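Topology and contacts: notes
Letter by letter, the chains look like this.
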Amino acid sequence: MISRLVSLRPAIYALTVAAGLAAASAVHAQQEPRLDVIYVPTPQEVVDRMLALAKVGPGDYMIDFGCGDGRMVVTAAKLGARGYGVDINPQRIKEANENAARAGVTDKVEFKIANLFEQDLSKADVMAMYLLPDINLRLRPKILDTMKPGTRIVSHAFDMGDWKPEVEEKVDGRNVYFWIVPAKVGGSWEVDGAQKMTLKLDQTFQFFTGKADIGGKSVEVTDGQLKGADISFKVDGKTFTGKVSGGSIAGDGWKATKA
Ligand SMILES: C[S@@+](CC[C@H](N)C(=O)[O-])C[C@H]1O[C@@H](n2cnc3c(N)ncnc32)[C@H](O)[C@@H]1O
């Protein structure tokens, strides 16, 4: 009997170790959340340039989802903006709160442990990102569909596929990108004023093409562009500029209503 127990000892030991490891990794799994992006902080020089590109200042509400130690949000607050950062890693949120306290901006910022994919983007004036190419692309429809026209987006290192940035530059050897969320203008519009016409527009991000029907004559719409809610295009050599607000456009001497 004793000799059988002795021969089983290595197996009992192995089972004990395995059970211990399983318990330890369960605790570990609880403490270490599954990261969609590992933590790599943006150098301060790059943060400063990103926020300058987005013209962050008083009155702005800036978000950084995947905020790390909160440096983007804290820097925005030092420029007079309010900011909100979330990170899935509690350790990062602890550091972010400490950084905010050190910078004396706790009244201007909020940090929360949360998943970046479950956040409302619609209230932001500016969004800063340092994520990954595929995550930028996953967020892109939500950015274009739920953020206000005119919202400024800055990204460190990664672009957004075929959504061409307004600005792309290198800072300290790193790529930085800047976009402005365009208003949605695809579809038919009835234009009234100096020039009566029906527009049929086909939009791709901040650019659009289309046709204008002027009293039964079809004319190309060219140079169609949006900078947030500011629209410009040409019909028959004439330039039209205006501001889009939901289903209407207010131009200089013209207006349009979504048909
Ligand atoms: C590359 S770091 C960027 C940190 C900071 N934005 C900066 O530029 O210094 C990405 C951050 O995203 C966080 N993260 C990863 N997956 C996340 C998720 N699903 N939800 C929220 N944060 C996440 C990581 O913990 C990490 O702090």
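On a predicted model such as this, the values are computed, not experimentally measured, just so you know. Note that residues are indexed from 1 along each chain, following the sequence as it is written. Given that the model is predicted, a residue must reach a pLDDT of at least 70 before its local features are reported, and side-chain atom pairs must reach 80 or more before they are shown or counted; all residues, however, enter totals for whole chains, interfaces and linings. Excluded from the side-chain calculation are hydrogens and water; included are all heavy atoms of the structure.

1. Concerning the nonpolar core
Soluble globular proteins tend to bury their nonpolar side chains together. The cut-off we apply is this: The set of buried Ala, Val, Leu, Ile, Met, Phe, Trp, Tyr and Cys residues whose side-chain atoms join them within 4.5 Å is what this entry labels a nonpolar core. Partly exposed residues are those whose accessible area sits between 20% and 50% of the maximum for their type, while under 20% is buried and over 50% is exposed, using a 1.4 Å probe and protein chains only. In this text, helices come from DSSP runs of H or I with a minimum length of four residues, and strands from runs of E with a minimum of two, each type numbered from the N-terminal end. We call two residues contacting when some pair of their heavy atoms lies within 4.5 Å.
The biggest cluster of nonpolar side chains holds 28 residues, and the ones touching the most others in it are Val56, Met62, Val109, Phe111 and Val154. When residues of this core are traced back to their parent elements, those giving at least two are helix 2 (44-53), helix 3 (71-78), helix 4 (90-103), strand 3 (109-113), strand 4 (126-129) and strand 7 (174-180). Those residues in contact with phenylalanine 111, other than ones at most four positions away along the chain, are Cys67, Gly70, Val73, Val74, Gly85, Ile93, Ala96, Asn97 and Ala100. By size, the runner-up hydrophobic cluster in this structure holds 24 residues, among which are Ala124, Leu131, Ile135 and Ile143.

2. Brief notes about the layout of surface pockets
Quick reminder of the rule: Grid points spaced at 1 Å and placed over the protein atoms alone form the basis of the search, with a cavity being a set where a 1.4 Å probe fits but cannot get out and a pocket an open set showing protein on both sides within 12 Å along at least five of seven lines. Lining residues have an atom within 4 Å of a point. Grid points are joined across faces, edges and corners, and a volume is the space filled by probe spheres set on the points. Here the term charged refers only to Asp, Glu, Lys and Arg, the term nonpolar to Ala, Val, Leu, Ile, Met, Phe, Trp, Tyr, Cys and Pro, and the term polar to all other amino acids, Gly among them.
Approximately 420 Å³ is the volume found for the largest pocket. If you list the elements that add at least two residues to the lining of the largest pocket, you get helix 3 and strand 2 (82-87). Here the lining of the largest pocket is composed, by residue class, of 16 nonpolar, five polar and six charged.

3. Regarding the site of the ligand
Heads up, the condition is: Nearness here has a simple test: a residue counts as near a molecule or strand if at least one of its heavy atoms is within 4 Å of that partner. A 3.5 Å cut-off defines polar contacts: any pair of N or O atoms within that distance qualifies, except that in protein one atom must be a possible hydrogen donor and the other a possible acceptor, and neighbouring residues in sequence count only when both atoms are side-chain atoms. For the accessible areas, the method is Shrake-Rupley and the probe is 1.4 Å, while residue cover comes only from the protein chains on display. Pocket occupancy is defined atom-wise: a molecule lies in a cavity or pocket when more than half of its atoms are within 2 Å of its grid points.
What surrounds the ligand is a group of 22 residues, the closest being Asp36, Thr42, Gly66, Asp87 and Leu116. Contact between the ligand and threonine 42: an oxygen atom at 2.5 Å from a side-chain N or O atom of the residue. One nitrogen or oxygen atom from the main chain of glycine 66 is found 2.8 Å from a nitrogen atom belonging to the ligand. In the complex, the protein chains occlude 99% of the 600 Å² of accessible area that the ligand would expose alone. At a threshold of 2 Å from the grid points, most atoms of the ligand map onto the largest pocket. Looking at the shell around the ligand residue by residue, the class counts come to twelve nonpolar, five polar and five charged.

4. As for empty space enclosed by the protein
Over the atoms a probe the size of a water molecule is rolled, and this reveals where empty space is left. A complete count under the given rule lists one cavity of 30 Å³ or more for this structure. The computed volume of the largest cavity comes to approximately 30 Å³. When residues in the lining of the largest cavity are grouped by element, the largest group, three residues, is from strand 4. Across the lining of the largest cavity, the residue classes tally to seven nonpolar, no polar and no charged.

5. Re the side chain of aspartate 69
For aspartate 69, the location among the structural elements is in the loop between strand 1 (61-65) and helix 3. When its relative accessible area of 10% is taken as the criterion, aspartate 69 is described as buried. A distance of 2.9 Å separates polar atoms of two side chains, one belonging to aspartate 69 and the other to arginine 71. Other than its neighbours up to four places away in sequence, aspartate 69 contacts Tyr39, Arg92, Glu95, Ala96 and Asn99.

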